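Observations on the model geometry
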Amino acid sequence: ETDVFPREVFAAISSLKGAGKLDDNAIESLSRSLVDNIAEENTVTHYIAKDMRIVEVNNDTLTAYGKRLGGLIAKYQKSDIGKELAVVAEALKNDSGSGLGKLDDYILLYKNAARDLISVETPKDIATTYLSIINNYYAIAGALQKIKSVFENPIVGFSGLVEYSRETKSLEENTNSLGAYFAKNAILFNK
């Protein structure tokens, strides 16, 4: 990636320069496009609907879903999941990748969370949103794996940071949608 990226940038700049269109706006647009392309190329869906245990919607399945999901949320709240950026910030502050090995624990946590979440019997009317949440968790693990290489391969590390940002934002949006679903259906985790 580090070898290919400069060639692509050089080709784009040469093309713009040759056309007489290399100005500040073109450079800014090119930069945004490159960042978007790096992030877009790396988007992977790990789980699909066939992997889920989708059930009909009724009071029993809604209650069971809320309880099972509540148990998993409690389990992962006890872990350090969500605190991985402190490891990245420390490594960048110290200009050393030596501490980035700690990300392995977070990568495993996110993958395990996705694996546990996919096993929950899910009412079919929230299955699409729930599947997105599961894939957000798995994608965050992949982004962290890329971030680990930021000192050896800055392009891959940078793309991991972009992916991480995108996936955590998407996770927040999907989680808010799930919360609205619970509110609409009056599902309480502690019933």
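Rules behind the numbers
- Residues numbered from 1 in each chain as written.
- Predicted model: local features only at pLDDT ≥ 70, side-chain atom pairs only at ≥ 80, totals over all residues.
- Heavy atoms only, no water.
- 1 Å grid on protein atoms, 1.4 Å probe; cavity = no way out; pocket = protein on both sides within 12 Å on 5 of 7 lines; lining within 4 Å.
- Points joined across faces, edges and corners; volume = space filled by probe spheres on them.
- Helix = DSSP H or I, 4+ residues; strand = E, 2+ residues; numbered from the N terminus.
- Nonpolar A, V, L, I, M, F, W, Y, C, P; charged D, E, K, R; others polar.
- Buried < 20%, exposed > 50% of the residue type's maximum accessible area, 1.4 Å probe, protein only.
- Arc of directions from axis to C-beta.
- Contact = heavy atoms within 4.5 Å.

1. What to know about the layout of surface pockets
Here the largest pocket defines a volume of roughly 460 Å³. Lining of the largest pocket is provided by 24 residues; of these, I73, Y76, Y137, L171 and T175 occupy positions nearest its centre. A per-element tally of the lining of the largest pocket places helix α7 (residues 154-185) first, with seven residues. By residue class, the composition of the lining of the largest pocket is 17 nonpolar, six polar and one charged.

2. Regarding unusual backbone geometry
Its identity is not glycine, yet D95 carries a phi of approximately 50 degrees, on the positive side. Relative to the helices and strands, D95 resides in the loop between α4 (84-94) and α5 (103-118).

3. As for α4
Three or more residues of α4 are buried, namely E84, V87, V88 and A91. End-on view of α4: buried residues confined to an arc of 95 degrees, all on one side of the axis. Relative to its buried face, α4 has exposed residues pointing more than 90 degrees away, namely A86 and K93. Packing partners of the buried residues in α4 comprise α5, α6 (127-147) and α7. Where α4 ends, the next residue or the one after it, D95, has phi of about 50 degrees, a positive value.

Everything listed here is a matter of geometry and, on its own, says nothing about what the molecule does.
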